[in-house]
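A closer look at the structure
For reference, the chains in residue letters:
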Amino acid sequence: MLFMFVAILFVIVGFITLFANAAAGFSLIILGLVVGGINRFVFQMRTKQLEIDAHEAIVNQTVNFCPRCGAQIPRNARFCANCGSPIN
């Protein structure tokens, strides 16, 4: 979020500076666009990694839940440690 704010700030200051000094203004605009692009790329990579982690957690689930009381139990448990009901 901070990087996007900085990117927008660079672009705005670039447009303002553009009237006084064209080279500096264009440089700030380009810098803002680059920072914004990097921010978007990093955000997409983080989102993708979170999706992968969530999928792996579901696939490799090592914890089950008791059908009677809902307590977390190990995958290979035969009885619930909370209520004592048998696990099928």
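Right above here is the structure, for reference.
Starting from 1, residues in each chain are numbered consecutively following that chain's sequence as written. Local features are withheld for residues below a pLDDT of 70 in this predicted model, meaning they are given only at 70 or higher, and side-chain atom pairs are given and counted only at 80 or more; totals for whole chains, interfaces and linings count all residues. The basis for every side-chain value is the complete set of heavy atoms in the structure, and neither hydrogens nor water enter the calculation.

Brief notes about the state of the cysteines
Short version of the rule: In this description, the term disulfide denotes a pair of cysteine sulfurs within 2.5 Å. Relative accessibility thresholds used throughout: buried, under 20% of the residue-type maximum; exposed, over 50%; partly exposed, between the two (1.4 Å probe, protein chains only).
Counting across every chain of the model gives zero disulfides. Cys66 takes part in no disulfide bond, and the closest cysteine sulfur to it belongs to Cys83, at a distance of 3.7 Å. Residue Cys66 is classed as buried on the basis of its relative accessible area, which comes to 5%.

Re helix H1 (residues 2-18)
Selection rule: Secondary structure elements follow DSSP: runs of H or I of four or more residues count as helices, runs of E of two or more count as strands, with numbering from the N terminus. One less than the number of residues in a helix, times 1.5 Å, gives the span that helix is expected to have. Each C-beta atom gives one direction from the helix axis, and the arc is the one those directions make.
Helix length check: H1, at 17 residues, gives a terminal C-alpha distance of 24 Å against a target of 24 Å (1.5 Å per residue), a fit within 8%. Listed in full, the buried residues belonging to H1 are Ala7, Val11 and Gly14. Projected onto a plane normal to the axis of H1, the buried residues spread over an arc of 60° and lie on a single side. Every exposed residue of H1 that faces more than 90 degrees away from the buried side is listed here: Leu2, Phe5 and Ile16.

Let's talk about the nonpolar core
In globular proteins that are soluble, nonpolar side chains generally tend to be buried together. Test applied: Definition used in this section: a nonpolar core is a set of buried Ala, Val, Leu, Ile, Met, Phe, Trp, Tyr and Cys residues joined via side-chain atoms within 4.5 Å. Two residues form a contact once any of their heavy atoms are found within 4.5 Å.
Core analysis: the largest hydrophobic core is formed by five residues, namely Cys66, Ala71, Ile73, Ala77 and Cys80. When residues no more than four places from it in sequence are discounted, the contact partners of Ala71 are Asn64, Phe65, Cys66, Cys80 and Asn82.

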